[in-house]
Amino acid sequence: MFNNIPPITRNIIIINVIVFIVTYFMGNQMINYLAGFYPFSPLFHSWQIITHMFMHGSIMHILFNMMTLFSFGPILEQTLGDKKYLILYFVSGLGAFFLFNLWNFVEVQQLSHELEQLGFNVNAYLSGANVEFAGNTGSVLKQKELLKSLTDILTTPMVGASGAIFGVVAAFATLYPDSKIGIMFIPVPIKVKYLLPIIVVGSVYLGVSGNGGGIAHLAHVGGALVGWLLALIWKKHLYRFN
């Protein structure tokens, strides 16, 4: 069965599995090097905008992503051809990274502004200097709370192929809107043109509200947006670049 999967989808799955196994044995060394960190974090490296797409935090994480890719990828690879399918996958992943970190940028600016207003020197702290808290007890507690939120953004890695795969799913929904799929907790198959908007709206809410449970929901939105736009463009001239 695995040999019948088109080559691009098959190789992406293989690479993801290999990276997951290597990361399992090497641990934080691989995560700190290949996961995607906020671009202004000291942990960020330029190659992470690509390598983060092949990192996964758990067996369930990679299993869900690869099963989704296995379900939607082969059809799109055959429909779009190798070039456009590769463009779809990786540009969707880049779109996910961009939107997720655009929101991070907004939050970092807000947190930095609040800290500066309380007398904390954020620039000195980010440069590695030993900065002391200033003000009364209430002010110090607030500064520590804000600083923890800022540090979390700078040091929490973004991992997974979800953004790229959301782009694949969005492209599938655009090219085959009336296709029906079955999902858990819904007793009857539902058309993808109805399911995708529900997922995207839910992801926007969870990402903006901060109730995402450690999942980069805005990355999903970024990937889906890119996949939808590319599929719209290609839908009119489907075989021009094959």
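So, here's what we can say about the structure. (Residues numbered from 1 in each chain as written. Predicted model: local features only at pLDDT ≥ 70, side-chain atom pairs only at ≥ 80, totals over all residues. Heavy atoms only, no water.)

**A few points about the overall build of the protein chain**
Counting its secondary structure elements, the protein chain contains 10 helices and two strands. Principal-axis analysis of the C-alpha atoms places the extent of the protein chain at approximately 65 × 35 × 35 Å. Taking contacts inside the protein chain between residues at least 6 apart in sequence as the whole, the part at least 24 apart equals 71%. When the accessible surface of the protein chain is totalled, it reaches about 13500 Å², and 67% of it is carbon and sulfur. (Helix = DSSP H or I, 4+ residues; strand = E, 2+ residues; numbered from the N terminus. Contact = heavy atoms within 4.5 Å. Areas by Shrake-Rupley, 256 points an atom, 1.4 Å probe, with all protein chains shown as cover.)

**Some points on the nonpolar core**
Residues Leu 69, Leu 76, Leu 88, Tyr 89, Ile 165 and Val 168 are the most contacted members of the largest nonpolar core, which totals 34 residues. Contributions of two or more residues to this core are made by helix H1 (7–26), helix H4 (59–80), helix H5 (82–117), helix H8 (162–175), helix H9 (192–209) and helix H10 (217–236). Considering every element that reaches this core, the biggest residue donor is H8, with 10 residues. Not counting chain neighbours up to four residues away, the residues in contact with Leu 88 comprise Leu 76, Leu 80, Gly 167, Val 168, Ala 171, Gly 227, Leu 230 and Trp 234. Leu 115, Phe 120, Leu 146 and Ile 153 belong to the second-largest nonpolar core, a separate cluster that totals 13 residues. (Core = buried A, V, L, I, M, F, W, Y, C linked by side-chain atoms within 4.5 Å. Buried < 20%, exposed > 50% of the residue type's maximum accessible area, 1.4 Å probe, protein only.)

**Considerations on the packing of aromatic side chains**
One pass over the structure, following the stated rule, counts 11 aromatic pairs. Summarising the aromatic geometry, the rings of Tyr 24 and Phe 25 are spaced 5.3 Å apart at their centres and angled 90 degrees between planes, so their arrangement reads as edge-to-face. Relative accessible area serves as the criterion here: at 64%, Tyr 24 is assigned to the exposed category. A network of ring pairs unites the aromatic residues Tyr 38, Phe 40 and Phe 105 as a single cluster. (Phe/Tyr/Trp six-rings, centres within 6.5 Å; stacked < 30°, edge-to-face > 60°.)

**A word on the pattern of salt bridges**
Any two side chains of opposite charge can pair, on the condition that their charged atoms come close. Counted under the stated rule, the structure contains one salt bridge. Between Lys 148 and Asp 152 there is a salt bridge, and its shortest N-O distance comes to 3.1 Å. On the criterion of helical spacing, the pair formed by Lys 148 and Asp 152 is a turn pair, its members being four residues apart in helix H7 (residues 137–155). Under the relative-accessibility criterion, Lys 148 is labelled exposed at 53%. (Salt bridge = Lys/Arg side-chain N within 4 Å of Asp/Glu carboxyl O.)

**Points about the environment of Met 67**
Following the sequence through the fold, Met 67 ends up in helix H4. A residue is classified by how much of its surface remains accessible, and Met 67, at 44% relative accessible area, is partly exposed. C-alpha of Met 67 to C-alpha of Val 91: the two residues are 24 residues apart in sequence and 20 Å apart in space.

**Some words on the packing of H1 against H4**
Packed helix pairs are specified by the crossing angle of their axes together with the interaxial distance, meaning the distance between the axes. Here H1 crosses H4 at 170 degrees, and the two axes come no closer than 9 Å. As the angle between them shows, H1 and H4 are arranged roughly antiparallel. Of the residues in H4, those touching H1 at Pro 7, Ile 8, Thr 9, Ile 12, Ile 13, Asn 16, Val 17 and Phe 20 are Ile 59, Ile 62, Met 66, Leu 69, Phe 70, Gly 73, Pro 74 and Glu 77. Looking at side-chain class alone, the contact of H1 with H4 contains 12 nonpolar, three polar and one charged residues. (Axes fitted to C-alpha atoms, helices over the stretch in contact; angles between N-to-C directions. Parallel < 35°, antiparallel > 145°, perpendicular 65-115°, else oblique. Nonpolar A, V, L, I, M, F, W, Y, C, P; charged D, E, K, R; others polar.)

**Quick look at the side chain of Ser 41**
By the secondary structure assignment, Ser 41 is in the loop between helix H2 (28–34) and helix H3 (48–51). Within the structure, Ser 41 has its side chain in polar contact with the backbone oxygen of Leu 154 (distance 2.6 Å). (Polar contact = N/O pair within 3.5 Å; in protein donor to acceptor, adjacent residues only side chain to side chain.)

**Brief notes about H7**
Compared with the 27 Å implied by 1.5 Å per residue over 19 residues, the 27 Å span of H7 between its first and last C-alpha is a close match. Those residues of H7 not exposed but buried are Ser 139, Val 140, Gln 143, Leu 146, Leu 147, Leu 150, Ile 153 and Leu 154. The arc that holds every buried residue of H7, seen down its axis, measures 140 degrees, which confines them to one face. Set apart from the buried face of H7 by more than 90 degrees, the exposed residues are Thr 137, Leu 141 and Lys 148. Buried residues along H7 sit in contact with H5 and helix H6 (122–126). The N-cap of H7, judged by a side-chain oxygen 3.2 Å from the amide nitrogen of Gly 138 a few residues on, is Asn 136. (Expected span 1.5 Å × (residues − 1). Arc of directions from axis to C-beta.)

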